[in-house]
Every structure is written in structure tokens, then in C-alpha cells.
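Geometric and topological summary
One-letter residues, chain by chain:
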Amino acid sequence: MSPVATLKLPTIDFSNLDYEWEAVKSQVHKALVEYGCFEALFDKVPLDIRKSLFLALEELFDLPLQTKLRNVSKKPYHGYVGQYPMIPLFESMGIDDADDFEHVECLTKNLWPQGNPSFSKTIQSFSVQLTELDKIIRKMILESLGVEKYLEEHIDSTNYLLRVMKYKGPQTSETKLGLSSHTDKNIVTILYQNQVEGLEVQTKDGKWINYKPSPQSFIVMIGDSLHAWANGRLHSPFHRVMMTGNEARYSAGLFSIPKGGYVIKAPEELVNDEHPLLFTPFDHVEFLKYYYTEEGQRDLFAMKTFCGV
């Protein structure tokens, strides 16, 4: 089904929270129940950092393949990802704990032994500002669900991964697959991209919304782990990237990810006769081990298969 031009994701302004916390919180909750996703206007990331980000990503992905392959990780899809015949337009790089300068600098020196201070500063500054937005959104979510007493534990149970991505332009007016339809598996994803369209989000009734990027806004999306923790009260949307034309699409996504060993379990306050338990308690890392098997990769509803009641 092709994208529906008239549908748009909700847009929510975070610029005046001192006076509008309750109103914004209500908008966030409604958007995440209905769409699992919204466009966030967030002015705390300086314009120079936003511009520098895309220059940094171009510099990163222009490195020789052998250099990019130095970014390795024991965690699936946390290192360099590329060279896949199924998605030839896509490559990406993971930066663990990107809000910590030492972690970023370690990766930078691995890729640029002579150093690249502007790259490290840009990546870390951008990530720090987005972690602030992540924590604001998660606080609003828990308050809306009436379980704010779990906030400290909820925040402490996650780490941050910055995944930076490049989608080559297919050099044709025909639409080509950039990234297959999927749901994210983490807690919250915050995405920022350049002005090249491609991201599409699916509504609950199967329609595709074509996101038209704005330099002022970020996309916020719920992942399967938060969907499970909230006992299904928030929607985790399918999304994909469809590319056309000659320009490359660059994007950076901050992912809040459950720590290994932390058991994700719906609070008892969110389980009742009207909302029976949907998922048994699970360790996110153990779930990913299933998800990245051949069977798990074919499974559109991998979390339900893994730990659904």
C-alpha cells in the first residue's frame, strides 16, 4: 500500500515545558497510544550542532570500508553494518554510550588514529541533548500511566546507543527499499535526519505515513520493550525507509536500550481484568538472541513469539 499524502504524524512542541508540562504530557500520551510515534519540536540542540552532525556523518561514511569495519561489537547491529545484498542502499554505525565523551573518543581514535576532535565533540554534544529529551518523554509516559514511582528504576535500567545511518540514493525515479518494515526493539528511539525523504510509518490500520523531515524536528518512536513494559498500552509502530532519486539520506537515532540482566516486567498497576498481562518478564539481551536468529528475523511479531502470554 502506498503512503497516504493526507496523513501526518502529530507534532508536539517541547519549547515551553515550564508552563505547559501537563498539556504536552497529554499530547505525548495520546500520540503514543494512537500512533506510537510523533514529531517533536525540541530547541535544546543548537543549530550549529545539528549542521555539524551531517558533516560528521558524511565524513564518517566516506571512510574506506576497511576503516569502517574496525567498529566491531559483540552486540548484534551495534558495530558497523553494511554490504547486505537485501538492503544494498543501507549502511550504519553504532556508537555505544554516545553521551559519554570517553566512549566516543575511543571510537574516534579507532577510526582516525591521528584524532578527530570535531567529530567526537559533535557526536557527544548531540547525544547529550537527546538523552535529555528521552528522559523528559519517559517521565511524561510514566506520569500519564500513573506509575511515576518507577521512574528512577526505569531510567537507570537503560543505556544509550547512537546509531548513525546512510541510505544511498538509488539514482532512479523508481522507489527502492532502503530498510525493510520493522518495529524497534528498544525503549524509545529519537531520530534526526537530513532533508531527504524516505521514512514511512505505518498506522494501526495499515496505512503508511510519509514523513516530510524538518530541520527543527525529531521523530520519537516507541520500541517493543516499552510496549511490553507498558502492557500494550503504548503502540510500537512498524516503519521502513523507501528511497528515490540521487541524494543520500543521513540520519542519527538515539536508542534507549535495556541493560543486560535487567528483567522487563509490566508494573502490577498496569495489569487488570481490562488489561490482562500480555508478556511474561524477559531479559532484553536474551530476546535479542532470538530476534537475530534466522527464524526471529522472519518473525514480524518476534516479542510475542518470545515471551507473549
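The notes below deal with the structure included here. Values in this document were obtained by computation on a predicted structure and should not be read as measured data.

Right, let's talk about the side chain of Ser92 for a bit. Relative to the helices and strands, Ser92 is located in strand E4 (residues 90–96). For Ser92, a relative accessible area of 1% corresponds to the buried category.

Attention shifts here to the pairing of E4. Of all seven residues that make up E4, six are buried, and the element is covered over most of its length. Of the pairings in the sheet, the one linking E4 to strand E5 (residues 158–167) comprises seven bridges and is antiparallel in character. Paired with Glu91 across the two strands is Lys166, which belongs to E5.

Together, Tyr77, Tyr84 and Met86 make up a nonpolar patch on the protein surface, roughly 310 Å² of accessible area in all. Within the fold, Met86 resides in the loop between strand E3 (80–81) and E4. Residue Met86 is classed as exposed on the basis of its relative accessible area of 61%.

Read across the sheet, eight strands follow the order E1-E2-E10-E7-E12-E5-E4-E3 without closing on themselves; strand pairing throughout is mixed. Both outer strands of the open sheet, strand E1 (11–13) and E3, are each paired with one neighbouring strand and no more. Both strand E2 (residues 37–41) and strand E10 (residues 217–222) contribute to a ladder of five bridges, which runs antiparallel. Residue pairing for E10: Cys37 is matched across the bridge by Met221.

A few words now on the nonpolar core. One finds Phe14, Phe38 and Phe126 to be the most contacted residues of the largest nonpolar core, which totals 73 residues. Ranked by residues supplied to this core, first place goes to helix H5 (residues 117–145) with eleven residues. With residues near it in sequence (within four places) discarded, Phe126 still touches Val45, Ile49, Leu53, Leu162, Tyr192, Phe218 and Ala252. One finds Phe90, Tyr167, Leu191 and Leu199 within the second-largest nonpolar core, a separate group that totals 19 residues.

Moving on to the pattern of salt bridges. Using the criterion set out here, one finds 15 salt bridges in the structure. Put simply, Glu269 and Lys149 hold a salt bridge, and the shortest N to O gap is 3.0 Å. Here Glu269 is found in the loop between strand E13 (263–264) and strand E14 (282–283), whereas its partner Lys149 is found in the loop between H5 and helix H6 (151–156), with 120 residues between them in sequence. In this structure, the salt-bridge partner of Lys185 is Asp224, at a minimum N-O distance of 3.2 Å. Of this pair, Lys185 sits in the loop between strand E6 (172–182) and strand E7 (188–193) while Asp224 sits in helix H7 (residues 224–229), placing them 39 residues apart in sequence. Given the relative accessible area of 8%, Asp224 is considered buried. Within this structure, Glu22, Lys25, Lys139 and Glu143 form a network of salt bridges that share partners.

What follows covers helix H8 (residues 284–291). Counting along an α-helix, one turn takes 3.6 residues, and residues three or four places apart therefore face a common direction. Along H8, the positions that sit buried rather than exposed are His284, Phe287, Leu288, Tyr290 and Tyr291. For H8, the angular spread of the buried residues around the axis is 155°, confining them to a single face. In this structure, the buried residues of H8 make contact with H7, strand E12 (249–258), E13, E14, helix H9 (294–298) and helix H10 (302–307). Measuring from the side-chain oxygen of the N-cap residue of H8 to the backbone nitrogen of Val285 gives 2.8 Å; that N-cap residue is Asp283.

Now for the sheet that holds E6. One open sheet accounts for four strands, arranged E6-E11-E8-E9; its pairing is antiparallel. Two strands close off the open sheet at either side, each with one partner strand: E6 and strand E9 (208–210). Averaged over all pairs of adjacent strands, the angle between strand axes in this sheet comes to 25°, irrespective of strand direction. Here three bridges tie strand E8 (residues 199–202) to E9, and the two strands are oriented antiparallel to one another. Residue pairing for E9: Gln202 is matched across the bridge by Trp208.

Turning our eyes to something else, we now look at the layout of surface pockets. Estimates place the volume of the largest pocket at around 1000 Å³. The wall of the largest pocket is formed by 42 residues, among which Tyr77, Leu179, His182, Tyr291 and Tyr292 lie closest to the centre. Where the lining of the largest pocket is concerned, the elements lending two or more residues are E4, E5, E6, E7, strand E11 (239–245), E12, H8 and H9. When the residues that make up the lining of the largest pocket are grouped by side-chain class, the tally is 22 nonpolar, 13 polar and seven charged.

Turning to unusual backbone geometry, a few remarks are in order. Positive phi, normally seen in glycine, also occurs at Asp97, with a value near 50°. Looking at the secondary structure, you find Asp97 in the loop between E4 and helix H4 (101–111). Residues other than glycine seldom take positive phi values, yet Asn231 does so here, at roughly 55°. Its location among the elements puts Asn231 in the loop between H7 and E11.

Cut-offs applied
Residues numbered from 1 in each chain as written. Predicted model: local features only at pLDDT ≥ 70, side-chain atom pairs only at ≥ 80, totals over all residues. Heavy atoms only, no water. Helix = DSSP H or I, 4+ residues; strand = E, 2+ residues; numbered from the N terminus. Buried < 20%, exposed > 50% of the residue type's maximum accessible area, 1.4 Å probe, protein only. Pairing = 2+ DSSP bridges. Patch = residues over 30% accessible without salt bridge, like charges linked within 9 Å, V, L, I, M, F, W, Y side chains within 5 Å. Areas by Shrake-Rupley, 256 points an atom, 1.4 Å probe, with all protein chains shown as cover. Salt bridge = Lys/Arg side-chain N within 4 Å of Asp/Glu carboxyl O. Core = buried A, V, L, I, M, F, W, Y, C linked by side-chain atoms within 4.5 Å. Contact = heavy atoms within 4.5 Å. Arc of directions from axis to C-beta. Polar contact = N/O pair within 3.5 Å; in protein donor to acceptor, adjacent residues only side chain to side chain. Axes fitted to C-alpha atoms, helices over the stretch in contact; angles between N-to-C directions. 1 Å grid on protein atoms, 1.4 Å probe; cavity = no way out; pocket = protein on both sides within 12 Å on 5 of 7 lines; lining within 4 Å. Points joined across faces, edges and corners; volume = space filled by probe spheres on them. Nonpolar A, V, L, I, M, F, W, Y, C, P; charged D, E, K, R; others polar.

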